[in-house]
Structures are given as C-alpha cells and as structure tokens.
Amino acid sequence: MPSQPSFDIRRVIRPNILKLEPYRCARDDYNEGILLDANENSYGPAFQAEISKTIGDREEQRVDTDGDNLNLHRYPDPLGREVKQRVLRLRPSIPSTDNVFLGVGSDEVIDMLVRITCIPGKDAILITPPTYGMYKVVASINDVDVVKVPLIVEDGAFQLDVDAVISAAVNNPSIKIIWLCSPGNPTGTYLREEDVRRVLDSQFEGIVVMDEAYIDFVRPERGDSYARLVPEYPGLFVMQTLSKGFGLAGIRLGLGIGSRELVSYLNNAKAPYNVSTLTLNVAMAALSDEGLQKMQYVISKIQTQRDEYLIPELRRLPHISAIIGGNDANFVLCRFADSNGKISNEIAKSIYTEMAQNRGLVVRYRGTDYGCEGCLRITVGTPEENKVVISTLRSLLDAIT
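Quantities reported herein were computed from a predicted structural model and do not represent experimental measurements.

Trainee: Quick question: what am I supposed to make of the overall build of the chain here?
Mentor: Secondary structure assignment for the chain yields eleven helices and 13 strands. Considering only C-alpha atoms, the chain reaches an extent of 85 × 55 × 40 Å along its principal axes. Counting the 401 residues in the chain, one finds 51% classified as buried. Long-range contacts, defined here as pairs at least 24 residues apart, represent 70% of the contacts in the chain between residues at least 6 apart. In the chain, 44 positive and 53 negative side-chain charges are present, and the distance between their average locations comes to 2 Å.

Trainee: Would you explain the state of the cysteines in this entry?
Mentor: A covalent bond between the sulfur atoms of two cysteines is what we call a disulfide. Per the stated rule, a full pass over the model turns up zero disulfides. Of the cysteine sulfurs around Cys118, a residue in no disulfide, the closest is that of Cys181, at 18 Å. This cysteine, Cys181, is not joined by any disulfide, and Cys372 carries the nearest cysteine sulfur, 12 Å off.

Trainee: Mind showing me how you'd approach unusual backbone geometry here?
Mentor: Glycine aside, negative phi is the norm for most residues, and most peptide bonds take the trans geometry. The omega angle of the peptide bond from Ser182 to Pro183 is -10°, so this bond is cis rather than trans. With respect to the element layout, Pro183 can be found in the loop between strand 6 (175-181) and helix 6 (193-200). Omega for the bond connecting Asn185 with Pro186 falls within 30 degrees of zero, at 20°, which places this linkage in the cis form. Within the secondary structure, Pro186 is located in the loop between strand 6 and helix 6. Even without glycine at this site, Asp155 takes up a positive phi of about 60°. Its place among the elements puts Asp155 in the loop between strand 5 (145-148) and helix 5 (162-170).

Trainee: When you look at the packing of helix 2 (residues 81-90) against helix 8 (residues 277-286) in this model, what are you seeing that I'm missing?
Mentor: Each pair of packed helices can be described by the angle between their axes along with the distance between the axes. Direction vectors running N to C along helix 2 and helix 8 enclose 25°, while the axes themselves pass 9 Å from each other. The orientation of helix 2 with respect to helix 8, classified from their angle, is roughly parallel. Judged by the twist between their axes, the crossing of helix 2 over helix 8 is left-handed. Across the interface between the two elements, Glu82, Val83 and Arg86 from helix 2 touch Leu280, Ala283, Met284 and Ala285 from helix 8.

Trainee: Could you clarify how one ought to interpret the packing of helix 3 (residues 105-117) against helix 7 (residues 260-269) in this entry?
Mentor: Viewed as axis vectors pointing N to C, helix 3 and helix 7 meet at an angle of 95°, and their least axial separation amounts to 10 Å. The orientation of helix 3 relative to helix 7 falls into the category roughly perpendicular. Taking contact as the criterion, the partners of Met112, Leu113 and Ile116 in helix 3 are, on helix 7, Leu262, Tyr265, Leu266 and Ala269. Class assignment for the residues of the contact of helix 3 with helix 7 results in seven nonpolar, no polar and no charged.

Trainee: What am I meant to see in the sheet that holds strand 11 (residues 331-336) here?
Mentor: Sheet strands line up and pair through hydrogen bonds in the backbone, either parallel or antiparallel. Taken together, the four strands give an open sheet; going across it, the order is 10-11-13-12, and neighbouring strands pair in antiparallel fashion. Lying at the two open borders of the sheet, with one neighbouring strand each, are strand 10 (320-324) and strand 12 (364-365). Seen against the sheet, helix 11 (residues 383-398) touches strand 10, strand 11 and strand 13 (375-379) and runs at an angle of roughly 155° to strand 13.

Trainee: Whenever I open this one, the nonpolar core confuses me. Can you help?
Mentor: Note on soluble globular proteins: their nonpolar side chains tend to be buried together. Within the largest apolar cluster, 88 residues are counted, with the highest numbers of intra-cluster contacts made by Leu314 and Leu393. By residue number, the principal contributor to this core is helix 9 (residues 289-315), which donates seven residues. Counting residues in hydrophobic clusters, the runner-up holds 30 residues, among them Phe7, Tyr135, Ala139 and Val263.

Trainee: Just to check I follow, could you spell out the layout of surface pockets for this structure?
Mentor: Empty pockets left among the atoms are what a rolling probe the size of a water molecule brings to light. Each pocket or cavity is described by its volume, and for the largest pocket that value is around 540 Å³. Forming the walls of the largest pocket are 19 residues, and the residues nearest its centre are Leu70, Pro76, Asp77, Glu82 and Thr277. Among the secondary structure elements, those contributing two or more residues to the lining of the largest pocket are helix 2 and helix 8. Element by element, the count of residues in the lining of the largest pocket is highest for helix 8, at four residues. Considered class by class, the residues forming the lining of the largest pocket number eight nonpolar, six polar and five charged. Taken as a whole, the second largest pocket encloses approximately 370 Å³ of empty space. As for the second largest pocket, its lining consists of 18 residues, and the residues nearest its centre are Asp107, Tyr132, Asn185, Tyr214 and Lys244. Classifying every residue of the lining of the second largest pocket gives five nonpolar, six polar and seven charged.

Trainee: What's the story with the environment of Arg10 in this structure? I'm lost.
Mentor: As for its position among the elements, Arg10 is in the segment before helix 1 (15-18). With relative accessibility at 55%, the residue Arg10 sits in the exposed group. Once the C-alpha coordinates of Arg10 and Glu261 are considered, the two residues, 251 residues apart in sequence, prove to be 9.0 Å apart. The residues contacting Arg10, other than those within four sequence positions of it, are Leu18 and Tyr265.

Trainee: Would you mind showing me how to read empty space enclosed by the protein here?
Mentor: For the coordinates displayed, the defined rule picks out three cavities of 30 Å³ or more. Quantified by volume, the largest cavity comes out at close to 70 Å³. For the largest cavity, the full set of lining residues is Asp77, Pro78, Leu79, Gly80, Lys84, Leu102, Asn267, Lys270, Tyr273, Asn274, Val275 and Leu280.

About the cut-offs
- Each chain has its residues counted from 1, following the order in which its sequence is written.
- The predicted nature of this model means local features are confined to residues of pLDDT at least 70 and side-chain atom pairs, given and counted, to a pLDDT of 80 or more, with totals for whole chains, interfaces and linings taken over all residues.
- Hydrogens and water are ignored here; the side-chain numbers use all heavy atoms of the structure.
- We count a stretch as a helix when DSSP gives it H or I for four or more residues in a row; a strand needs E for two or more, and each element gets its number in order from the N terminus.
- Only protein chains enter the accessibility calculation, which uses a 1.4 Å probe; a residue whose area is less than 20% of its type maximum is buried, one above 50% is exposed, and one in between is partly exposed.
- The contact rule is simple, with two residues in contact once any of their heavy atoms fall within 4.5 Å.
- Only four residue types enter the charge count, namely Lys and Arg as positive and Asp and Glu as negative; His and the chain termini do not.
- A charge is said to be at NZ when it belongs to Lys, at CZ for Arg, at CG for Asp and at CD for Glu.
- The disulfide criterion used throughout: a pair of cysteine sulfur atoms within 2.5 Å.
- Note on geometry: axes are C-alpha line fits, over the in-contact stretch for helices, and angles between N-to-C directions span 0 to 180 degrees.
- In this scheme, roughly parallel covers angles under 35 degrees and roughly antiparallel covers those over 145, while 65 to 115 is roughly perpendicular and the rest are oblique.
- In this scheme the crossing of two helices becomes right-handed for a clockwise turn of the near helix relative to the far one and left-handed for an anticlockwise turn of less than a right angle.
- When residues are sorted by character, Ala, Val, Leu, Ile, Met, Phe, Trp, Tyr, Cys and Pro go into the nonpolar class, Asp, Glu, Lys and Arg into the charged class, and all the rest, Gly among them, into the polar class.
- One requirement defines pairing of two strands: DSSP has to find at least two bridges between them.
- The set of buried Ala, Val, Leu, Ile, Met, Phe, Trp, Tyr and Cys residues whose side-chain atoms join them within 4.5 Å is what this entry labels a nonpolar core.
- Only protein atoms enter the calculation, which uses a 1 Å grid: trapped sets of points that fit a 1.4 Å probe without letting it out are cavities, open sets showing protein on both sides within 12 Å along at least five of seven lines are pockets, and any residue with an atom within 4 Å of a point is a lining residue.
- Grid points are joined across faces, edges and corners, and a volume is the space filled by probe spheres set on the points.

And the structure:
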C-alpha cells in the first residue's frame, strides 16, 4: 500500500501537458514488414552502399546489408522497450517497463521533468547545495525559480536538513520538484534512508527526484538504490545513468524510474526518437548478463582503489587536512589547509591550476561550492593514474612552506 495515497500527479503536471496530444511516430504502430511509412531510405546507410556499373550506361545501387544488423536506416524504437526490459533485471524492484523513461543522458531527463511540471515565471524547484549544477542551469533556461536549502555540511556530513527542506517545500506551493542527490556530487555522500522517507512522507505535493548517477559505487552495507521505494511512493522519481558505473558516458543514456503516470507524461512530451539506435544497441550489450558481470568487476576495482589506495595515500600528504563526504562515489573530495591548519582555497586553486596547465593532470576545483572551501574533487582512476596523482601532489605540496 503506497504511503502517499492522496498524491495526485495531475496537481503537479502543467495544464498544457495534461492536455497534450503526443506526436505519434511511425514506429509506434509497426516495426516489421516492408516499412514504407516513415520516409526512411530503404537502400540502407549511405556509408555501406556500393555503386556498381551494370549493362549500358545504367547505374544500379547494390546495398550490402549482411553486416548491417543495426538497421541504421530505420528509426529506433521510440520507447527503447528492449533496453527497458534489461533495466528491470538491473533493478528488479521496478514493477514494469512502463515505470522506466529513457533520455539522452540524465541532463535530458532533468530538463524534461522541469518542462512538464514548472510553469515559466511562476513555479520553482528546491535544491540542496552543494549539488549538481545542472538543476540550477535547467531552471534558469526554463525561467523557473530556485529555492536553496543547504545540506548539513559540518564535519563533512553532507546530509539533508530534513526539517528545513520540508518546511520550505510545504510552505511554498510554487515548488514543484525537490532535487536530492545520492550519492551527491560533489559530496560523494549517500543520503540516509530515514531522512529520505521523512521527506517523502511529508505533506509536500510535488515530485521528489533522487539523482543516483553514482549509486553503483555505494557498498551494499552503506545502502542501495532508492528505486525500490518507487512502488511505495508515487511522488518519487529516481534518475540513473550508464555514464558512471557502466563507463558509457559517450553514449548519453539516462534512466528515469517512477510511476506509470509520470513516465507517460514524459513520453508524451519527449522528442519522438530521442535515443539513437547506436545508443540502444550499446546499452543492450552493457545490460546483458556478461555486461553486468563486467560492470560489477570494474566497480569492485574502483572501490578498492578508492578505499585502499587513494584515500589512505591522500591522508598522508602534507596540507591535506581532511577527506570529507561519504566516499560513496567514484571520486574523493579532499580539503587543503595552510601550515597553520587554516582551510585554504588559495592552495587548492594553485595546485589545481599547476597540475592542469603544466603537469597534464586535471582534477576539479570545488572550493567555491557551499561547504567545500579548500576542496579538490579527484576522480578515482586506474592504479597507474592514481599513482601519478599521489606523486604529483606530493611534489607540489612538499614545496609549500
């Protein structure tokens, strides 16, 4: 029995979206047989076409399709149904493929959520800094206000200020979305389930979005995906991606997991063929049994490098005063201090600049983010890359008096 029996998605969706008659594309109806309904090029992809001379002056185009198993001359399945079936194997708590939305990276999912819920110039979203910057960017593009309720950052906790989040959201009816990030970016911290449930059980009538781009890096004893709560909370929407744990940032595939109703509104408003055949094909391989085994193997390697090498070695370096956050992602957030122990943006920024410009080593400066003063975010690389990070940092920090 859902914990939000009074939740009504129609109160959150923009009126024009509720009335939207979605574009119906050719592949919504048929995808087999002699397909002459979508003005595709029946001869196949141009780069695989061969021109051969025949009798007389007549030219005949001969298309070799033996190696064209992808049918790139055809539009893809507009809903990516086969990929969604495999997503269910990855997250078995999801009821059906009707609860899964596919987007061009998580950024399209973020944009679509704002566009279908927030009326420009009227509505707002709530974010919890420090957090992923695209929430604010998308809100600005769509002329949507941003309400900020910072995380509790003392001692690098980076957990929700639950009472403040609930108060701000419940008392401001213009807020349509609460954006939560677990594990957070740049915090690397998995949000406590009791805090998440308190937000979901509150009187907030909008959508709570949980961004789980880094969820695959969380050790089981720390927690797992909140996608398992979707059947219980119709107001919860969980975002995931193949960019991080699967190492497929280049294919641009984001996942959204939520109620059938919310997913249907997203499908109605999206472009007809937003996810390409090439992306869907790679995703099918990544989500196969073999692909999942490979992903888990790589994840274990990254976790080992993070916990048993990078973090301990960073802690041994001078001028690194702390490793903050939960360390639940594929990066480490380290804080720099001067010789007196005072947190130093100057040292962090100078180290970042020197490594990027002169050492061929690029990390991310996060010193201007709330609660991240004096911090660099360092992605966990291969063993060889991590050794270069430590040796380079050691040489630079040893030179600071």
